[in-house]
Amino acid sequence: AAWRTLNFFYAERCGFDQPGIHQVCHKDIFCIHPDGRRIAVNGGWHDAADLTQGVGNTARGIISMLELANTVKSMHPDLYTRLLVEGRWGLNWLLNTRFGDGYRDGGMIVGIWTDNMIGTKDDMVTTAKNDPSDNFISSIATSMAVPYYASSDPIFSAWCRKAAREDYTFAAEMMGQKDNQKNETELYSIAAIAAMHLYQLTHEQQYLNDAAHYAIVI
């Protein structure tokens, strides 16, 4: 089941020359920052029953892969290696669709194969948002990734660590704002888990203090 699920993720790759399925796709979908900057947001995995993408499901897919990798490392080294390869594909999307100031592509509903040409009628655009839930869940995935890639690619591992800390800070700064309280229990739960993982990674007391605070709210 693990291998088949992982192979399905591979088949769902976006922006990838997928043998027997499709060539590089969706090079004409973008996310625009409020200040006018824009980034292409193909990559990651096609999601749901269409070609949609989103931070939440992408991050949860990565988290599941890393948790499974930890479980099978000694028993199934081939599966372990394959999980890290596919997990990195998702991590690259999380890292490449953030603007580095809290704003990021939270997701886009995509239901068609576009022509990959910028400036034609099928181009798609979404607006970047500074959403604490998206930044917390991304921080969880990237902080978990740090030790898995530290020896094989320390530059990538350091990039994950930097993004995890930054995204956590962006999200924490927005806690308590009324616009972010639509599901307070879920938000504070994700926040507590993000703080926990960063404490395990850095051993900095502030993360542990934050986790305790979030837990009290829950």
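What this report covers is the structure whose coordinates are included nearby. Since we're looking at a predicted model, the values are computed, not measured.

About the thresholds
- Residues numbered from 1 in each chain as written.
- Predicted model: local features only at pLDDT ≥ 70, side-chain atom pairs only at ≥ 80, totals over all residues.
- Heavy atoms only, no water.
- Helix = DSSP H or I, 4+ residues; strand = E, 2+ residues; numbered from the N terminus.
- Rg over C-alpha atoms; globule rule 2.2 N^0.38 Å.
- Contact = heavy atoms within 4.5 Å.
- Areas by Shrake-Rupley, 256 points an atom, 1.4 Å probe, with all protein chains shown as cover.
- Axes fitted to C-alpha atoms, helices over the stretch in contact; angles between N-to-C directions.
- Parallel < 35°, antiparallel > 145°, perpendicular 65-115°, else oblique.
- Left-handed = near helix turned anticlockwise from the far one by under 90°.
- Nonpolar A, V, L, I, M, F, W, Y, C, P; charged D, E, K, R; others polar.
- Expected span 1.5 Å × (residues − 1).
- Buried < 20%, exposed > 50% of the residue type's maximum accessible area, 1.4 Å probe, protein only.
- Polar contact = N/O pair within 3.5 Å; in protein donor to acceptor, adjacent residues only side chain to side chain.
- Pairing = 2+ DSSP bridges.
- Phe/Tyr/Trp six-rings, centres within 6.5 Å; stacked < 30°, edge-to-face > 60°.
- Lys NZ or Arg CZ within 6 Å of the ring centre and 35° of its normal.

1. What about the overall build of the protein?
Next up, step 1: Scanning the protein for helices and strands turns up seven helices and five strands.
Next up, step 2: For the protein, whose C-alpha radius of gyration is 18 Å, the value lies close to the compact-globule estimate of 17 Å for 218 residues.
Next up, step 3: Projected onto its principal axes, the C-alpha positions of the protein cover 50 × 45 × 30 Å.
Next up, step 4: Partitioning the intrachain contacts of the protein with sequence separation of at least 6 by distance along the chain shows that 70% fall at a separation of at least 24.
Next up, step 5: About 11,000 Å² of surface is accessible on the protein, with carbon and sulfur atoms providing 55% of the total.

2. A few points about the packing of helix α5 (residues 154–173) against helix α6 (residues 184–202)
Next up, step 1: With their axes 11 Å apart at the nearest point, α5 and α6 run at an angle of 140° to one another. The pairing of α5 with α6 is recorded here as oblique in orientation. For the pair α5 and α6, the crossing hand works out as left-handed. Judged by residue contacts, Arg-161, Ala-164, Arg-165 and Tyr-168 of α5 engage Ala-191, Ala-194, Ala-195, Leu-198, Leu-201 and Thr-202 from α6.
Next up, step 2: Here the residues of the contact of α5 with α6 sort into seven nonpolar, one polar and two charged.

3. Some words on helix α4 (residues 132–149)
Next up, step 1: Over its 18 residues, α4 extends 26 Å from the first C-alpha to the last, a length consistent with the 26 Å expected when each residue adds 1.5 Å.
Next up, step 2: Burial runs high along α4: 16 of the 18 residues are buried.
Next up, step 3: Near the N-terminus of α4, the side chain that reaches the backbone nitrogen of Ser-133, with its oxygen 2.9 Å away, is that of Asp-131.

4. Observations concerning the side chain of Asp-167
Next up, step 1: Tracing the chain through its elements places Asp-167 in helix α5.
Next up, step 2: Judged by relative accessible area, Asp-167 falls into the buried class, the value being 2%.
Next up, step 3: If we skip the residues at most four places from it in the chain, Asp-167 touches Arg-98, Arg-104, Asn-135, Ser-138 and Ser-139.

5. Describing the sheet that holds strand β5 (residues 124–127)
Backbone-to-backbone hydrogen bonds pair the strands of a sheet. The strands run either parallel or antiparallel.
Next up, step 1: The sheet built from three strands is open, its strands ordered β2-β1-β5 with mixed pairing. Strand pairing shows two members of the sheet lacking a second neighbour, β2 (38–40) and β5, which therefore form its edges. Between one strand axis and the next, the sheet turns through 25° on average, direction left out of account.

6. So, the pairing of strand β1 (residues 29–32)
Next up, step 1: Two strands pair when backbone bridges link them, and β1 and β5 are joined in this way by four bridges, in the parallel orientation. Residue Ile-29 lies in a different strand from β5, and its bridge partner there is Met-124.
Next up, step 2: Two elements, β1 and β2, share three bridges in a ladder whose sense is antiparallel. If you follow Ile-32 over to β2, its bridge partner there is Arg-38.
Next up, step 3: The turn joining β1 and β2, which pair antiparallel and follow one another in sequence, is formed by five residues; a positive phi near 105° is taken by Gly-36.

7. Considering the packing of aromatic side chains
Next up, step 1: What the rule picks out here adds up to nine aromatic pairs.
Next up, step 2: Look at Phe-16 and Trp-89: their rings are 5.2 Å apart centre to centre, the planes differ by 75°, and that puts the pair in the edge-to-face class. Taken together, the positions of Phe-16 in the loop between α1 (2–11) and β1 and Trp-89 in helix α3 (residues 77–96) put the pair 73 residues apart, joining distant regions of the chain.
Next up, step 3: Ring geometry for Phe-136 against Tyr-214: centres 6.2 Å apart, planes inclined by 70°, an arrangement best described as edge-to-face. Taken together, the residues span a long stretch of sequence, with Phe-136 in helix α4 and Tyr-214 in helix α7 (residues 205–217) at a distance of 78 residues. Considered together, Phe-136 and Tyr-214 belong to a single accessibility category, that of buried residues.
Next up, step 4: A network of ring pairs unites the aromatic residues Phe-136, Tyr-168, Tyr-188, Tyr-207 and Tyr-214 as a single cluster.
Next up, step 5: The aromatic ring of Trp-89 is capped on one face by Arg-13, whose charged end is 4.5 Å from the ring centroid.
Next up, step 6: Against the face of Phe-156 rests Arg-88, its NZ or CZ located 3.9 Å from the ring centre.

Keep in mind these numbers describe shape, not what the thing actually does.
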